[in-house]
Amino acid sequence: MNNDNASILAAKVRSLPPSMLDASLLAEYVKTGEAYDLSDMCRKGDVSIKQVAQIVVASSLDEVDKLPGYTITGEIFELAENLYSIGESRRDWQLMRNRHKPGYLESQLSREALKRLELDPVKRKRHYANIYFRAWAIFWDDEFISRMIHKVDSRIIASLPEELITEKISLTAVSRSGLTLRYVPVLLRSPLVCTRAVQNDPAAIAFTPRHLRDQVRKLQAINFD
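About the thresholds
- Residues numbered from 1 in each chain as written.
- Predicted model: local features only at pLDDT ≥ 70, side-chain atom pairs only at ≥ 80, totals over all residues.
- Heavy atoms only, no water.
- Helix = DSSP H or I, 4+ residues; strand = E, 2+ residues; numbered from the N terminus.
- Buried < 20%, exposed > 50% of the residue type's maximum accessible area, 1.4 Å probe, protein only.
- Salt bridge = Lys/Arg side-chain N within 4 Å of Asp/Glu carboxyl O.
- Arc of directions from axis to C-beta.
- Core = buried A, V, L, I, M, F, W, Y, C linked by side-chain atoms within 4.5 Å.
- Contact = heavy atoms within 4.5 Å.
- Axes fitted to C-alpha atoms, helices over the stretch in contact; angles between N-to-C directions.
- Parallel < 35°, antiparallel > 145°, perpendicular 65-115°, else oblique.
- Nonpolar A, V, L, I, M, F, W, Y, C, P; charged D, E, K, R; others polar.
- Left-handed = near helix turned anticlockwise from the far one by under 90°.

Colleague: Quick question: what am I supposed to make of unusual backbone geometry here?
Modeller: Peptide bonds are, in most cases, trans, and in most cases residues other than glycine have a negative phi. Of note, D46 is a non-glycine position whose phi angle comes to about 55°, a positive value. You can see D46 is positioned in the loop between helix 3 (38-45) and helix 4 (49-59). Here D46 falls in the exposed class, since its relative accessible area comes to 73%.

Have a look at this one:
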């Protein structure tokens with residue numbers, strides 16, 4: 001698929017109503033190489049992102065490279081490993097694995113280049129967004145996720161695999177933007193997380209569980225740092 005055709009298909013899929021979205025179509029969307037918003041598209045169409053990733057991984061090793069990094073959870077990584085770590089694809093698979101490690105991606109620029117990047121907020125955000133979308137979730141840790149929240153946007157937690165969202169990550173996200181509470185899994189909306197969110201932005205009370213709202217209002221004046 002050439003770049004023009006890929007962009008046309010990607011734009012067409014994004015414009016479709018939710019009822020027309022399914023796992024097969026979204027797998028084709030991934031193959032355009034422009035599916036950075038796959039998590040949003042899956043939510044829009046009520047489609048399992050895991051199912052989409054499974055279809056893409058089973059299609060070919062080249063297509064695996066086009067999946068947003070947040071889809072490569074332990075389960076999806078294991079599926080790809082089983083398919084491509086043997087035979088003729090073994091070397092290409094090993095090279096691909098290394099290319100998608102955070103350490104490799106973050107080492108591509110020199111210190112001087114990174115210093116220059118700090119002078120341009122737009123380019124800096126684009127640089128780290130590219131790292132976030134390319135790094136595979138199987139290789140993430142709390143430190144990497146926290147860094148991406150600060151360098152890119154707290155709303156990236158909306159695309160995080162739920163098993164990677166901890167209270168620490170939730171606190172980091174809502175400390176940067178209180179309204180990010182809307183993307184925190186309900187089970188992690190503790191009094192501490194909700195209070196930090198409301199301290200940051202009073203409007204976050206709308207995403208605080210009802211049974212915690214009075215408690216959170218009382219705790220707002222407390223500094224938890």
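Colleague: So what exactly am I meant to see when it comes to the pattern of salt bridges here?
Modeller: Where charged atoms of side chains with opposite charge meet at close range, the side chains can pair. Inspection of every chain in the model, using the stated rule, returns 15 salt bridges. The closest approach of N and O atoms between K66 and E63, which form a salt bridge, is 3.3 Å. Exposure remark for K66: the relative accessible area of 34% places this residue in the partly exposed category. Between E118 and K151 there is a salt bridge, and its shortest N-O distance comes to 3.6 Å.

Colleague: What am I meant to see in helix 3 here?
Modeller: Residues L38, S39, M41, C42 and G45 constitute the buried set of helix 3. Down the axis of helix 3, the smallest arc covering the buried residues is 160°, so these residues share one side. The positive-phi residue at the C-terminal boundary of helix 3 is D46, with phi of around 55°.

Colleague: Which parts of the structure should I look at to understand the nonpolar core?
Modeller: Nonpolar side chains in soluble globular proteins generally cluster together in the buried interior. Core analysis: the biggest nonpolar cluster contains 61 residues, and L26, L38, V52 and W140 have the highest contact counts within it. Sorting elements by how many residues they give to this core places helix 2 (residues 23-30) first, with 5 residues. Beyond its immediate stretch of four places on either side in the chain, L26 contacts V13, L21, L38, M41, C42, V47 and V52.

Colleague: For this particular structure, what's the right way to read the packing of helix 6 (residues 74-84) against helix 7 (residues 90-99)?
Modeller: A pair of packed helices is captured by two measures, namely the crossing angle of their axes and the spacing between those axes. Viewed as axis vectors pointing N to C, helix 6 and helix 7 meet at an angle of 150°, and their least axial separation amounts to 9 Å. Classified by the interaxial angle, the pair formed by helix 6 and helix 7 is roughly antiparallel. Mapping the contact onto sequence places F77, A80, E81 and Y84 in helix 6 and R90, W93 and R97 in helix 7. Along the lines of polarity and charge, the residues of the contact of helix 6 with helix 7 split into 4 nonpolar, no polar and 3 charged.

Colleague: What should I look at first to understand the packing of helix 4 against helix 6 in this one?
Modeller: One can describe the packing of helix 4 onto helix 6 by two numbers: an axis separation of 10 Å at closest approach and a directional angle of 15°. Accordingly, the angle class assigned to the pair helix 4 and helix 6 is roughly parallel. As helix 4 packs across helix 6, the resulting crossing turns out to be right-handed. Across from K50, A53, Q54, V57, A58 and S59 in helix 4, the residues of helix 6 making contact are E75, I76, L79, A80, L83 and Y84. Looking at the contact of helix 4 with helix 6, its residues break down into 8 nonpolar, 2 polar and 2 charged.

Colleague: Looking at this model, I keep getting lost on helix 12 (residues 167-176). Mind explaining?
Modeller: Since the α-helix advances by 3.6 residues per turn, residues separated by three or four positions end up pointing in the same direction. The complete set of buried residues in helix 12 reads I169, S170, L171, T172, A173 and V174. On its buried face, helix 12 is in contact with helix 11 (142-151) and helix 13 (191-200).

Distances and angles like these do not, on their own, reveal function.
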